[in-house]
Amino acid sequence: MNSLKEIANVLKKSKSAVIFTHMRPDGDAIGSAIALSRALSLLGIRNEVLNEGAVPDRFSYLGGVKEIKNAPTFDAELFICVDSSNESRLGMLRDTFLAGIKHKITVNVDHHISNTNYCKYNFVRDRASNCENIAELIKELGVTFTKEIAEALMTGMITDSGGFSHSDVNGDSFRAAGDVADAGADVNRIYYEAMKKQSRPRAQFFLKALSRLRFLLDDALTIVVVPQSLLNEFGLKSDATEGLVDFGLTIEKTEVSVCILEVKKGQYKVSFRSKGKVNVNETAGVFGGGGHILASGCVLFGEEEEVVDKIRYAVWQRL
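A brief look at the structure comes next. (Residues numbered from 1 in each chain as written. Predicted model: local features only at pLDDT ≥ 70, side-chain atom pairs only at ≥ 80, totals over all residues. Heavy atoms only, no water.)

Details of the overall build of the protein chain
Along the backbone of the protein chain there are 12 helices and 11 strands. A globule of 319 residues ought to have a C-alpha radius of gyration of about 20 Å, and the protein chain, at 19 Å, matches this closely. Out of the 319 residues in the protein chain, the part that is buried amounts to 54%. In the protein chain, the proportion of contacts linking residues at least 24 apart, taken out of those at least 6 apart, comes to 66%. Of the roughly 14200 Å² of accessible surface on the protein chain, a fraction of 49% belongs to carbon and sulfur atoms. Where the 39 positive side-chain charges of the protein chain centre and where its 41 negative ones centre are 3 Å apart. (Helix = DSSP H or I, 4+ residues; strand = E, 2+ residues; numbered from the N terminus. Rg over C-alpha atoms; globule rule 2.2 N^0.38 Å. Buried < 20%, exposed > 50% of the residue type's maximum accessible area, 1.4 Å probe, protein only. Contact = heavy atoms within 4.5 Å. Areas by Shrake-Rupley, 256 points an atom, 1.4 Å probe, with all protein chains shown as cover. Lys, Arg positive; Asp, Glu negative; His and termini not counted. Charge placed at Lys NZ, Arg CZ, Asp CG, Glu CD.)

Notes on the side chain of Ser32
In this structure, Ser32 sits in helix α2 (residues 27-42). Of the polar contacts made by the side chain of Ser32, one reaches the side chain of Asn130; its length is 3.3 Å. The contact partners of Ser32, leaving out residues within four places of it in the chain, are Val82, Asn130, Cys131 and Ile134. (Polar contact = N/O pair within 3.5 Å; in protein donor to acceptor, adjacent residues only side chain to side chain.)

Quick word on the packing of aromatic side chains
Inspection of the entire model under this criterion finds 7 aromatic pairs. Here the aromatic rings of Phe20 and Phe79 are separated by 4.9 Å at their centres, their planes lie at 70°, and the arrangement is edge-to-face. Separated by 59 residues along the polypeptide, Phe20 in strand β1 (residues 16-20) and Phe79 in strand β3 (residues 78-82) bring together distant segments of the chain. The pair Phe20 / Phe79 is uniform in exposure class, with both members buried. Centre to centre, the rings of Phe97 and Tyr118 are 5.8 Å apart; their planes meet at 80°, and the pair counts as edge-to-face. (Phe/Tyr/Trp six-rings, centres within 6.5 Å; stacked < 30°, edge-to-face > 60°.)

Concerning the packing of helix α5 (residues 147-160) against helix α7 (residues 187-196)
Their axes nearest at 10 Å, the elements α5 and α7 cross at an angle of 55°. Taken together, the axes of α5 and α7 are oblique relative to one another. The element α5 and its partner α7 pack so that their crossing is right-handed. Of the residues in α7, those touching α5 at Glu151, Met154, Thr155, Ile158 and Thr159 are Val187, Arg189, Ile190, Tyr191, Ala194 and Met195. Here the contact of α5 with α7 is composed, by residue class, of 7 nonpolar, 2 polar and 2 charged. (Axes fitted to C-alpha atoms, helices over the stretch in contact; angles between N-to-C directions. Parallel < 35°, antiparallel > 145°, perpendicular 65-115°, else oblique. Left-handed = near helix turned anticlockwise from the far one by under 90°. Nonpolar A, V, L, I, M, F, W, Y, C, P; charged D, E, K, R; others polar.)

Let's talk about the side chain of Glu193
By the secondary structure assignment, Glu193 is in helix α7. Taking relative accessible area as the criterion, Glu193 reaches 18% and is therefore assigned buried. The contact partners of Glu193, leaving out residues within four places of it in the chain, are Arg58 and Tyr61.

Side note on helix α4 (residues 130-140)
Taking burial as the measure, the 11 residues of α4 include 8 buried ones, the bulk of the element. Every buried residue of α4 is accounted for by Asn130, Cys131, Glu132, Asn133, Ile134, Ala135, Leu137 and Ile138. The first or second residue beyond α4 is Gly142, which carries a positive phi of 80°.

A word on the environment of Gly64
Tracing the chain through its elements places Gly64 in the loop between β2 (46-50) and β3. For the pair Gly64 and Gln228, spaced 164 residues apart in sequence, the C-alpha to C-alpha distance is 30 Å. In this structure, Gly64 is in contact with Ile34, Arg38 and Glu148, ignoring residues within four places of it in sequence.

Digging into the nonpolar core
Among the nonpolar cores identified, the biggest contains 52 residues, and Leu11, Leu36, Ile80 and Leu153 are the most heavily contacted of them. Look past the residues within four positions of Leu36 in its chain and what remains in contact with it is Leu11, Ile19, Ile80, Val82, Ile134, Leu137, Ile138 and Leu141. (Core = buried A, V, L, I, M, F, W, Y, C linked by side-chain atoms within 4.5 Å.)

Here's the deal with the packing of α5 against helix α6 (residues 171-182)
Closest axis-to-axis distance for the α5/α6 pair is 9 Å, and the angle between their directions is 150°. Put simply, α5 runs roughly antiparallel to α6. Two packed elements cross with a definite hand, and for α5 against α6 that hand is left-handed. Contact with α5, carried on its side by Ala150, Leu153, Met154 and Met157, involves Ala176, Ala177, Val180 and Ala181 of α6 and no other residues of that element. The residue makeup of the contact of α5 with α6, split by class, is 8 nonpolar, no polar and no charged.

Side note on the sheet that holds β2
Strand-to-strand pairing in sheets goes through backbone hydrogen bonds, with the strands running parallel or antiparallel. With parallel pairing, 5 strands are arranged side by side in an open sheet as β2-β1-β3-β4-β5. Every other strand in the sheet has two partners, leaving β2 and β5 (121-124) as the edge strands with one partner each. If you compare each strand with its neighbour and ignore which way they point, the axes differ by 15° on average. Of the pairings in the sheet, the one linking β1 to β3 comprises 4 bridges and is parallel in character. Directly across from Ile19, in β3, lies its bridge partner Ile80. (Pairing = 2+ DSSP bridges.)

Okay, here's the thing in structure tokens:
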């Protein structure tokens, strides 16, 4: 693995870069990309941020969100991937990335232990958020945090740590957050916008979705299945499911909580959360996914009950 200093030197020698973020972007992916983009711009390095789809509305308060594109608009020297454990996480941008591997300098900065080190330069360190890694990279670049950079970094730190409540939060997490707060990040506003703010339809959806919660394996496993029809009922997109999987862990006997989102007929996006007894990175890995020990995901195909049974069996084996 390369050091952040090595990667910073590579970036500073380049004149242009494209920053890739993972499909269905969360606050850590968006925050990592925007913060790094703004830092590169301050160094005079031409750059742009890419994502295969639309950024969730709740991140519209961040400067730079409206500039995110779905495909490159110029031929850049550098391809940088942030918060993405492998090429497949880039979604429809995967082919664009792979097409450039042979003649581009590729960089990977991530915090998932399942990362496959798929670039020429790789820095992967397990932290509560990838924005903690990006914050250190920006320091290595010699760039001072602006308020805009700080707010992007704080967004990732807050959202990926569950408001600094997850078990992988440590002193380094708070020290990194302290630095960006000192640089002008409005913690109260960011927490409200990214974690708490919701529309009435989303609140109604949440209540109905939770009414579908299943208790399995003597309550050690909770599963909520969200069909597209339920999202459509309230006129919502898939990002409305954010937080559903975390609710299960509030239940006393539950060790693993799972949210199964129907992407289309026969295809499901599965999110796992664990209190620690079960390594859900390993569980998701059974199905070709991965992430963190306590938070991971994968994609499964089949009928709804078939998918539920596969997950139940995989968790049961690891309890």
